[in-house]
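# Working through the structure, step by step
Given next are the chains, with one letter for each unit.
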Amino acid sequence: MEQARMKLMIPGPVEVDPSVLAALSEPVEPHYGDAWVKKYARVIDILKQVFNVAGKDYDVYLMVGSGTCAIDASMSSSLMAGEKIIIGNNGFFGDRLVEVAQNAGLKVVEVKGEWGKLLDPQAIKEVLDANPDAKAVAVVHGETSTTVLNPVKEIGAVVAPSDAIFLVDAVSSFGGMPFDLEDWQVDICASATQKCLGALPGLAPIAVSTKAWKTIDRSFDKGHSWYTNLQNWRKYGTEWADWHPSPVTMPTNNVNALLVALEQLMDEGIENRMQRYRSLALRLRKGLREAGMEPFTPDDILNPVLTAAHAPVGHKSSEITQYLLNEHHIQIGGGLGHLKDVVFRIGHMSPVVTDADIDRVVTALKAF
Ligand SMILES: Cc1ncc(COP(=O)(O)O)c(C=O)c1O
């Protein structure tokens, strides 16, 4: 008997459009030469539009690796071992930022926030004032473990007057909501392609400001990796731009698949796509409430691409994930960390998700 097709609604990787997948089965091509340079430039050009930095003082690269590769690069390229970084941490991926920093040999000063609540910009300001030697402040934008969208613009405003650079993990938010790095005063923004852009895992867009380059280009004797050194991505992106614009062999099929997804975004229009994601979130929240499962965060900190909700009283959230998987062939995410049995998380961060998909999940939840 043929198995029913699984509907993938986890917080990434996401289900992708068939035409995105089709790009993977095209013949392999080299990561250099005229045709490639043109295509690659188009990818970077669209990514700049999504970061909203086109024509502004930012460089954008497409690193080969998952989102963590770009996060690693953001810290290890700009700070030397022993230097201080302030990390706002209110979730599982905030903990991860701390680990990445510690692995780079950095001295971490944590500003802890409650899971499920916004980071407090004022608390970050106070810690920054007390640690004027901090070289960077880092936060997660969309905290995927709790669905909280941290107030990066307000945090950027407290970091900008200092010498510290502002690093943001936007792995699960980039492409899912309007971005404006210049207005938010973000210096390095790290993301990934397998979430809101509706493409595949393996590529990591990263944007770098002029202020960040000043910190990166200090002469220092640190021995960080070559691969994640942003100076090498800049060198090939400029000096080798007209024939080989990246320092390493690109997964060309994967980049072509990304380009298909990005062109679809351009066709739909960035603003239209963002509104569509938002309306899916609102539709889901309404349905969850009808099903008696309250969203984990209030509507005023709406995450347009990811919704967490409480399991009904007397049930663990794993019962919901198992029920949807086994009886409705819908795969959603469970809770992370101490929220493991408390919440379940539904990803609607792919452009292929429709109102009908949301209704299918809600109908299934109502029958739980
Ligand atoms: C906010 C956030 N940061 C970092 C990561 C890690 O990204 P990757 O698995 O692409 O390295 C994830 C993955 O879900 C994430 O959601």
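For the structure itself, consult the block above.
Every value quoted in this text rests on a predicted model; they were computed, and no experiment measured them. Sequence order as written defines residue numbering, which begins from 1 separately in each chain. In keeping with the predicted nature of the model, local features appear solely for residues at pLDDT of at least 70, side-chain atom pairs appear and are counted solely at 80 or more, and the whole-chain, interface and lining totals rest on all residues. Each side-chain value is derived from all of the structure's non-hydrogen atoms; neither hydrogens nor water enter the calculation.

## Quick notes on the site of the ligand
Spelled out, the test is: Whether a residue is near a molecule or strand is decided by its heavy atoms; if any one of them lies within 4 Å of it, the residue is near. Counting of polar contacts relies on pairs of N or O atoms within 3.5 Å, with two restrictions inside protein: one atom must be capable of donating a hydrogen and the other of accepting it, and residues adjacent in sequence are counted only when both atoms are side-chain atoms. Reported accessibility uses the Shrake-Rupley method at a 1.4 Å probe radius. Residues are deemed covered only where the shown protein chains occlude them. Numbered from the N terminus, helices here are DSSP runs of H or I no shorter than four residues, and strands are runs of E no shorter than two. Residues are sorted three ways: Asp, Glu, Lys and Arg are charged, Ala, Val, Leu, Ile, Met, Phe, Trp, Tyr, Cys and Pro are nonpolar, and all the rest, Gly among them, are polar.
As a matter of local geometry, the ligand sits amid 13 residues, with Ser-66, Thr-68, Thr-144, Asp-169 and Lys-195 nearest to it. Contact distances for the ligand include 2.6 Å between a nitrogen atom and a side-chain N or O atom of Asp-169. Between Lys-195 and the ligand, the recorded distance is 2.7 Å, taken from a side-chain N or O atom to an oxygen atom. Within the complex, the protein chains bury 85% of what would otherwise be the 390 Å² of accessible surface of the ligand. For the shell around the ligand, the leading source of residues is helix α3 (residues 67–76), giving three residues. Of the residues in the shell around the ligand, the class split is four nonpolar, seven polar and two charged.

## Considering the packing of aromatic side chains
Selection rule: Whether two aromatic rings pair depends on their centres lying within 6.5 Å, for rings of Phe, Tyr and Trp, where Trp uses its six-membered ring; planes under 30 degrees apart make the pair stacked, over 60 edge-to-face, and the rest tilted. Burial status follows relative accessibility: with a 1.4 Å probe on protein chains alone, a residue under 20% of its type maximum counts as buried, one over 50% as exposed, and anything between as partly exposed.
A full pass over the atoms with the stated rule returns 12 aromatic pairs. Here the aromatic rings of Phe-92 and Phe-93 are separated by 5.0 Å at their centres, their planes lie at 80°, and the arrangement is edge-to-face. For Phe-92, a relative accessible area of 27% gives the class partly exposed. Ring centres 4.9 Å apart and planes at 55° place the aromatic pair Phe-179 and Trp-184 in the tilted group.

## Here we look at the pattern of salt bridges
Stated formally: Whenever a carboxyl oxygen of Asp or Glu lies within 4 Å of a side-chain nitrogen of Lys or Arg, that contact is scored as a salt bridge.
Under the criterion given, the structure shown has 22 salt bridges. One salt bridge connects Lys-153 with Asp-183, and the closest N-O pair in it is separated by 3.0 Å. Here Lys-153, found in helix α6 (residues 152–159), pairs with Asp-183, found in helix α7 (residues 181–184); they are 30 residues apart in sequence, far enough to count as distant. A salt bridge links Glu-268 to Arg-276, with the nearest nitrogen and oxygen atoms 2.6 Å apart. By relative accessible area, which is 22% here, Glu-268 ends up partly exposed. For Arg-276, a relative accessible area of 26% corresponds to the partly exposed category. Salt bridges sharing partners connect three or more residues here, namely Arg-285, Arg-289, Glu-294 and Asp-299.

## Some words on the nonpolar core
Here is the rule we go by: Side-chain atoms within 4.5 Å link the members of a nonpolar core, which is a set of buried Ala, Val, Leu, Ile, Met, Phe, Trp, Tyr and Cys residues. Where each domain begins and ends is defined by an automated method or by a domain database. The contact definition used throughout considers only heavy atoms, calling two residues in contact when any of these lie within 4.5 Å.
Membership of the largest hydrophobic core comes to 114 residues, with the highest contact counts inside it found for Leu-62, Met-75, Ile-85, Leu-181 and Leu-365. If one sorts the elements of this core by residue count, helix α2 (residues 34–51) sits on top with eight residues. If you count residues domain by domain, this core takes at least three from each of domain 1 (7–14 + 270–366) and domain 2 (18–265). Among residues more than four places away in sequence, those in contact with Leu-365 are Leu-288, Ala-291, Met-293, Ile-320, Leu-324, Phe-344 and Ile-346.

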